[in-house]
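# Chain and residue survey
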Amino acid sequence: MATRPTGYGLTAETKRKIDSKFDADLANQALNWVEAVLEENLFDDRDEANLKKYVQDQLKDGTILCRVINKLSPGSVKKVNASKMAFKMMENIGNFLQGCYNYGVKKEDLFQTADLYEGANIVQVVNGLAALARKAQSSGYDGPSFGPKESTAAPREFTQEQLEAGKSIIGLQMGSNKGASQAGQNFGKTRQILD
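In this report, we go over the structure that sits alongside the text. (Residues numbered from 1 in each chain as written. Predicted model: local features only at pLDDT ≥ 70, side-chain atom pairs only at ≥ 80, totals over all residues. Heavy atoms only, no water.)

### A short note on the overall build of the chain
- Assigned secondary structure in the chain consists of 8 helices and 0 strands.
- Beginning at the N terminus, the succession of helices and strands in the chain can be written as α-α-α-α-α-α-α-α. (Helix = DSSP H or I, 4+ residues; strand = E, 2+ residues; numbered from the N terminus.)

### Topic: helix α4 (residues 63-72)
- With 7 of its 10 residues buried, α4 lies for the most part within the structure.
- Here α4 has its buried residues at Thr63, Ile64, Leu65, Cys66, Val68, Ile69 and Leu72.
- Those residues of α4 that are buried lie in contact with α2 (24-38), α3 (51-59), α5 (86-103), α6 (113-117) and α7 (122-138). (Buried < 20%, exposed > 50% of the residue type's maximum accessible area, 1.4 Å probe, protein only. Contact = heavy atoms within 4.5 Å.)

### Let's talk about the packing of α5 against α7
- Direction vectors running N to C along α5 and α7 enclose 35°, while the axes themselves pass 10 Å from each other. Every pair of crossing elements has a handedness; the one defined by α5 and α7 is left-handed. Residues Phe96, Cys100 and Tyr103 of α5 form the contact with α7, whose own contacting residues are Leu129, Leu132, Lys135 and Ala136. (Axes fitted to C-alpha atoms, helices over the stretch in contact; angles between N-to-C directions. Left-handed = near helix turned anticlockwise from the far one by under 90°.)

### Observations concerning the environment of Gln137
- Note on placement: Gln137 falls in helix α7.
- Each C-alpha atom of the pair Gln137 and Gly147 lies 9.6 Å from the other, and the pair is 10 residues apart in sequence.
- Look past the residues within four positions of Gln137 in its chain and what remains in contact with it is Ser145, Phe146, Gly147, Pro148 and Lys149.

Geometric descriptors of this kind do not, in isolation, establish any biological role.
This is the structure in structure tokens:
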């Protein structure tokens with residue numbers, strides 16, 4: 001596997017900004033949730049000092065992730081590759097992401113394969129697991145939960161009478177001219193035409 005250069009200028013600044021958003025508590029909660037869903041002790045040897053690298057190393061091959069989505073939605077990933085070849089591991093991650101999308105997790109809440117495999121954005125990997133946990137809660141999964149519950153729609157219903165009454169009221173979003181008019185206003189000097 002080729003390693004990416006660390007980068008200079010904007011690339012390095014962006015990487016530092018992403019790395020600064022890493023939350024060790026959230027990462028530990030995500031790992032605990034994965035263990036609880038799979039009902040196994042997978043992460044007993046956590047390296048708290050280098051948790052970002054630990055998360056990447058544990059989830060990089062995609063097998064644990066595929067098992068999680070298959071537990072939440074059986075049959076989401078048809079074949080989990082046990083091979084340690086790079087493209088097979090990335091295929092597992094891609095299958096997990098597709099399974100999450102089919103389960104109902106929004107694409108913008110998920111991560112990209114390179115974010116996990118190359119360690120480009122572990123923050124987004126943890127956020128993706130949090131999004132999956134939220135979706136599991138709202139999809140009727142009665143197992144362990146992680147993070148806040150996903151919001152639900154609360155549509156408002158108005159009667160025709162209420163809608164008609166609202167037409168005569170100027171909302172505060174519209175602003176107000178407080179009774180002013182443009183009559184008699186002029187800006188600057190008036191133009192005088194002389195013969």
